[in-house]
Amino acid sequence: MSNITRWNPMGEFEDLFDRYHRYFNLPRTNGEREGMFSRSDWAPAVDIKETESAFTIEAELPGMSREDVKVTVHDGVLSIQGERRKEEETGDKKHHRVERVFGSFTRRFTLPDNVDQGNIGASFKDGVLTLTLNKVEPPEPRAIEVDVH
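A quick note: this is a predicted structure, and the numbers were derived from the prediction, not measured.

Quick look at the packing of aromatic side chains now. Throughout the structure, instances matching the rule amount to zero aromatic pairs. Above the plane of the ring of Phe55 lies Lys135, whose end atom (NZ or CZ) is 4.8 Å from the centre.

Structure representation (structure tokens):
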């Protein structure tokens, strides 16, 4: 279930620059038009575990409810999407420091061939989303005879 991820030093630099802009409440100016590309401001941490019968993905989603999260599977890709909403300042409450990150996120995982995509279990408890992906026997390769004329 693990995928090799190439290190992208420019991506890390862009993330650092975006965090700087968010910290000082500056608009993002990455040279791209707004809405051309969507990019998450944050992504929940996940743990992926494997047993003989299943894979388990646990995503940390503190401060969120299950209604804030959507899980989909399409063409062998599992997507976890959601939004953590920021608490608005009111007249009787003033924020002195806000360190938590808010906004929408998307995490995608390419599923291996031995996952039963039609039988994925999900539970949400104490801010942790747990997905159980049951394993199945991968289909056997099928030989095709080729006529040569």
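What follows concerns the pattern of salt bridges. By the definition in use, this model includes four salt bridges. The shortest N-O distance in the salt bridge between Lys49 and Glu58 comes to 3.0 Å. Here Glu50 and Lys135 are joined by a salt bridge, their closest N and O atoms 2.5 Å apart. Pair noted here: Glu50 is in strand β1 (residues 46–50) and Lys135 is in strand β7 (residues 128–135), with a separation of 85 residues, a long-range link. On the basis of relative accessible area, Glu50 is assigned to the exposed category, the value being 51%.

The pairing of strand β3 (residues 69–74) with strand β4 (residues 77–84) spans six bridges and is antiparallel. Considered in β4, the bridge of Val69 is made with Gly82. Adjacent in sequence and paired antiparallel, β3 and β4 are bridged by two residues, among which Asp75 carries a positive phi angle near 50°.

A few words on the sheet that holds β3. Across the sheet, which stays open at both edges, the three strands sit in the order β3-β4-β5 with antiparallel pairing between neighbours. Either end of the sheet is taken by a strand with one partner, and the two such strands are β3 and β5 (103–110). The average angle at which neighbouring strand axes cross in this sheet is 15°, direction not considered.

Within the fold, Thr56 resides in strand β2 (residues 54–60). We classify Thr56 as buried; its relative accessible area is 19%. With near-sequence residues (within four places) excluded, Thr56 lies in contact with Asp47, Ile48, Lys49, Thr130 and Leu131.

Right, let's talk about the pairing of β2 for a bit. In terms of burial, β2 is largely enclosed, as five of its seven residues are buried. Note: β1 against β2, five bridges, orientation antiparallel. Its bridge partner being in β2, Glu50 is matched across the sheet by Phe55. Connecting the antiparallel pair β1 and β2 is a turn made up of three residues. Sheet topology note: the β2/β7 ladder contains seven bridges and is antiparallel. Note on β7: the bridge partner recorded for Phe55 is Leu133.

This next bit is on the sheet that holds β7. Ordered by their spatial adjacency, four strands build an open sheet running β1-β2-β7-β6, and the pairing between neighbours is antiparallel. Edge positions in the open sheet fall to β1 and β6 (115–125), since each of these has one partner strand only. Taking the axes of each pair of neighbouring strands and ignoring which way they run, one obtains an average angle of 15° across the sheet.

What follows covers a nonpolar patch on the surface. Taken together, Phe17, Tyr20, Tyr23 and Phe24 make up a surface patch of nonpolar side chains, about 490 Å² in accessible area. Position of Phe17 among the secondary structure elements: in helix α1 (residues 9–23). When its relative accessible area of 39% is taken as the criterion, Phe17 is described as partly exposed.

Thresholds, definitions, all that
- Residues numbered from 1 in each chain as written.
- Predicted model: local features only at pLDDT ≥ 70, side-chain atom pairs only at ≥ 80, totals over all residues.
- Heavy atoms only, no water.
- Phe/Tyr/Trp six-rings, centres within 6.5 Å; stacked < 30°, edge-to-face > 60°.
- Lys NZ or Arg CZ within 6 Å of the ring centre and 35° of its normal.
- Salt bridge = Lys/Arg side-chain N within 4 Å of Asp/Glu carboxyl O.
- Helix = DSSP H or I, 4+ residues; strand = E, 2+ residues; numbered from the N terminus.
- Buried < 20%, exposed > 50% of the residue type's maximum accessible area, 1.4 Å probe, protein only.
- Pairing = 2+ DSSP bridges.
- Axes fitted to C-alpha atoms, helices over the stretch in contact; angles between N-to-C directions.
- Contact = heavy atoms within 4.5 Å.
- Patch = residues over 30% accessible without salt bridge, like charges linked within 9 Å, V, L, I, M, F, W, Y side chains within 5 Å.
- Areas by Shrake-Rupley, 256 points an atom, 1.4 Å probe, with all protein chains shown as cover.

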